[in-house]
Structure formats: structure tokens, C-alpha cells
Amino acid sequence: MSFHVLVPDNVHQKAIDLLEASDGIRVTAPGKLERADLLVAVADAHALIIRSGVMADVELLAGAPQLKAIARAGVGVDNIDLAAATDRGILVMNTPGGNTISTAEHTFGLMIALSRHISQGHQSLAEGRWDRKLFSGVELKGKTLGIIGLGRIGQAIATRAQAFEMTVIAHDPYLPPAVAEAISVPLLPLAEVYARSDFLSFHAMVTDETRGMVNTDSIARMKDGVRIINAARGALINSADLAEALKNGVVAGAALDVYEREPPPADHPLIGLPNVVHTPHLAASTSDAQVTVAVEAAQLIVDYLLEGKADNVCNPAVLP
Ligand code: MLT
């Protein structure tokens with residue numbers, strides 16, 4: 001008996017090599033599949049390795065009667081219906097550490113691009129203009145960065161911001177205070193972080209509590225001229241409300257890597273605004289991070305299928 005592992009997205013070849021070298025594993029790695037082809041391909045799969053672009057929803061899980069495990073090459077499992085997977089006894093695992101630095105560095109890049117109008121300056125020069133006055137920016141040194149969600153990525157951003165001589169404060173109701181103390185970041189109530197921050201960077205998961213947390217009400221509690229960065233999940237932001245605040249200057253700028261729907265629709269209210277910098281969900285897209293998360297995900301699947309060993313489990317209720 002061999003287990004069929006389907007990899008219906010572009011993950012690093014080293015992960016495929018690891019799977020192919022494992023006795024008892026048969027791997028199919030066709031690259032990114034269209035939805036219809038994916039639904040056919042999962043029919044006899046025992047395990048899946050996916051990135052954020054594959055929706056492992058009720059329909060897909062129902063069409064995969066042999067499925068035992070899904071490994072997410074990345075952090076967020078919001079593209080996997082965890083309740084449905086749990087009902088079907090399918091173990092879901094992720095690779096939470098593998099893309100921390102890449103995501104933190106991209107977030108930092110977005111913050112610098114935002115403070116110095118780098119994308120707008122690039123575009124204007126490419127279009128033949130020499131707009132030196134238009135794109136005067138602000139320094140990061142001496143500014144306050146508020147981090148909402150001080151997990152692995154938030155912490156990596158905090159230490160980088162401290163190196164830039166920023167004052168870093170954070171809100172995270174779930175983090176043990178000692179972790180924040182160890183990197184000299186005060187944990188404060190959300191209202192205080194909003195009121196004091198020149199830059200706000202969001203690193204929370206999407207839950208009922210955090211969905212749309214950037215909205216007209218919360219923006220009214222932020223500093224006038226705040227700059228907002230989101231490289232976590234698009235649904236943290238109410239896009240229409242933020243667009244309004246960017247148009248009337250209450251929010252000076254926003255830098256975004258993520259959108260409620262990806263790819264976002266052509267008429268997305270934030271895309272193309274002059275004070276918005278945006279990238280197409282690139283934060284974890286480095287060769288370094290993609291090797292790490294792919295190999296970790298492949299190892300998780302091999303260990304679970306062949307030895308029953310389960311690590312980084314997102315739905316522990318499946319385990320005996
Ligand atoms: C993640 O959740 O790990 C990131 O958003 C990157 C990805 O798309 O895999």
C-alpha cells in the first residue's frame with residue numbers, strides 16, 4: 001500500500017524530492033491546478049500540501065474520501081475549513097515559523113515604501129516625470145510603531161523597528177507579557193496603541209473579534225495622519241472605510257499585501273489610490289521561506305502518514 005500525496009500548488013522542488021524519496025509515498029505534483037481539475041485530482045489523495053491559494057472547503061473535502069491529512073506550507077489556515085476537516089477526521093497541520101522573517105522583512109519594506117513614497121516615485125519617473133517636491137516623506141526614527149498582534153512576525157518587526165530607532169508599542173491580549181518584556185515592547189490596551197501610533201501594522205488572525213477591525217470607528221480613535229500596514233489578512237480591514245479615510249487625509253497612507261478576496265476585484269476601493277502602496281500577497285514569497293515551509297510541510301505529511309507522528313496540529317480534536 002502506498003499513500004498518494006497530492007501537491008496542487010507551486011511548492012519548492014525540495015519538498016517534492018523529499019516525498020519521492022520516502023518509501024510508501026506516491027506523489028503527484030502538477031503545480032497550480034484549476035478548481036475543476038483539483039476536484040478530480042483529490043478523489044484518491046491521502047494527503048494534500050497546499051499554499052494559501054487552494055480552498056480546502058466542504059466541497060473539496062467531501063470529494064476526497066481517503067484524505068487523512070492536509071499540510072499548509074505557510075501559517076494561515078483560513079483557506080481550510082477546519083470544522084469540516086475535523087468532522088471527517090482529516091488532520092490539518094501548518095508551518096508557523098518558516099516564513100516569519102520573509103514576512104517581517106516585506107512588512108518593513110512596505111513601511112519604508114509608505115514613508116518615502118518609493119512606489120509612487122518609481123512610477124512617476126517611469127512615466128517620464130521628475131516629481132521631487134511631490135514625494136517628500138517622513139523619517140521612521142522617532143516615530144511610534146504600533147503592532148497589533150505580537151506573535152512571531154510582530155516580534156520580528158518590533159526588533160527591526162527598534163534598530164531603526166522607532167518607539168515600538170503593541171496590543172496582544174493573548175501573548176504572555178514576559179515575551180513582550182523580553183524584547184522591550186510595552187503591551188498596551190488597543191485604544192492606547194491606536195491613539196499613540198504614527199504607523200500601525202496589523203498581524204492578527206481573522207476571527208469574529210478582528211474581522212474589519214480597521215473601520216470608520218477605529219480610524220476615528222487613531223492619530224490623525226496615521227499610516228496603516230497590513231501584510232496579515234485582508235479581512236482585518238473594512239476597505240470602503242479605509243478608502244474614505246485615505247481620500248479625506250485622516251489616514252495619510254496605507255501599505256497592503258493582502259485583500260479580502262485574492263486576487264482582488266478590479267474595482268477594489270483601495271487599489272490605485274495615490275496614497276496606497278500595494279503588493280500581490282508577496283510577504284512570504286522568498287526562495288528562502290518557500291524552501292523552508294515546503295520542506296517542513298512535506299516532512300509533516302511523511303511523519304504522519306508513515307509513522308502517525310503529528311506536529312503543528314491545527315485541529316487536535318482529530319487525534320486520539
Ligand atoms: C501565510 O499564511 O503563510 C502567508 O500568508 C503566505 C502564504 O500565502 O502562504
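The structure presented is a predicted model; accordingly, all values stated were derived computationally and were not measured.

### Remarks on the pattern of salt bridges
For the structure shown, the criterion picks out 10 salt bridges. Of the charged contacts in the structure, one is a salt bridge between Asp44 and Arg26, with a shortest N-O distance of 3.5 Å. Here Asp44, found in the loop between helix H2 (35-41) and strand S3 (47-50), pairs with Arg26, found in strand S2 (residues 25-28); they are 18 residues apart in sequence, far enough to count as distant. Linking Glu127 and Arg129 is a salt bridge whose minimum nitrogen-to-oxygen distance equals 3.0 Å. Among the residues examined, Glu127 registers a relative accessible area of 44% and is labelled partly exposed.

### Considerations on the domain arrangement of the protein
When its domains are assigned, the protein resolves into domain 1 (3-98 + 287-318) and domain 2 (100-278). Distance between the C-alpha centres of domain 1 and domain 2: 31 Å. Counting from both sides, the interface comprises 7 residues of domain 1 and, opposite them, 4 residues of domain 2. Taking both partners together, domain 1 and domain 2 bury about 470 Å²; carbon and sulfur atoms supply 39% of that area. Looking at the side of domain 1 facing domain 2, the largest losses of area belong to Asp78, Pro96 and Gly97, adding up to 56% of the total buried there. For the pair domain 1 and domain 2, the number of links is 1 salt bridge. Notably, a salt bridge pairs Asp78 with Arg233, separated by 2.8 Å at the nearest N-O pair. Taken together, the connections running from domain 1 to domain 2 amount to 2 residue pairs in polar contact (both at pLDDT 80 or more). Residues belonging to the side of domain 1 that touches domain 2 are distributed by class as follows: 2 nonpolar, 3 polar and 2 charged.

### A word on empty space enclosed by the protein
In the structure shown here, the tally under the stated rule is 1 cavity of 30 Å³ or more. Lining the largest cavity we find Asn230, Gly234, Ile237, Ser239, Leu256, Val258, Tyr259, Glu260, His268 and Leu270. Split into classes, the residues belonging to the lining of the largest cavity amount to 5 nonpolar, 4 polar and 1 charged.

### Digging into unusual backbone geometry
Trans peptide bonds make up most of the peptide bonds, and negative phi angles are found at most residues other than glycine. For the bond running from Glu262 to Pro263, omega is 0°, close enough to zero to count as cis. Tracing the chain through its elements places Pro263 in the loop between strand S10 (251-256) and strand S11 (276-278). Positive phi is not limited to glycine here, since Glu165 has a value of about 60°. One can find Glu165 in the loop between helix H7 (152-163) and strand S7 (167-171). At Ser184, a residue that is not glycine, the phi angle is positive and equals roughly 55°. Positionally, Ser184 belongs in the loop between helix H8 (177-182) and helix H9 (190-196). Exposure remark for Ser184: the relative accessible area of 57% places this residue in the exposed category.

### Points about the sheet that holds S11
Taken together, the 6 strands give an open sheet; going across it, the order is S7-S6-S8-S9-S10-S11, and neighbouring strands pair in parallel fashion. Every interior strand has two partners, whereas the edge strands, S7 and S11, have only one. Adjacent strand axes in the sheet meet at a mean angle of 15° when their direction is disregarded. Pairing of strand S8 (residues 199-202) with strand S9 (residues 226-230), which is carried by 4 bridges, proceeds in the parallel orientation. Bridge pairing links Phe202 to Asn230 in S9. Packed onto the sheet, helix H5 (residues 100-116) meets strand S6 (144-148), S8, S9, S10 and S11 and runs at close to 150° relative to S9. Here H7 sits on the sheet and contacts S6 and S7; the angle it forms with S6, its principal contact strand, is near 175°.

Rules behind the numbers
- Residues numbered from 1 in each chain as written.
- Predicted model: local features only at pLDDT ≥ 70, side-chain atom pairs only at ≥ 80, totals over all residues.
- Heavy atoms only, no water.
- Salt bridge = Lys/Arg side-chain N within 4 Å of Asp/Glu carboxyl O.
- Helix = DSSP H or I, 4+ residues; strand = E, 2+ residues; numbered from the N terminus.
- Buried < 20%, exposed > 50% of the residue type's maximum accessible area, 1.4 Å probe, protein only.
- Domains from an automatic or database assignment.
- Contact = heavy atoms within 4.5 Å.
- Buried area = accessible area lost by both parts, 1.4 Å probe.
- Polar contact = N/O pair within 3.5 Å; in protein donor to acceptor, adjacent residues only side chain to side chain.
- Nonpolar A, V, L, I, M, F, W, Y, C, P; charged D, E, K, R; others polar.
- 1 Å grid on protein atoms, 1.4 Å probe; cavity = no way out; pocket = protein on both sides within 12 Å on 5 of 7 lines; lining within 4 Å.
- Points joined across faces, edges and corners; volume = space filled by probe spheres on them.
- Pairing = 2+ DSSP bridges.
- Axes fitted to C-alpha atoms, helices over the stretch in contact; angles between N-to-C directions.

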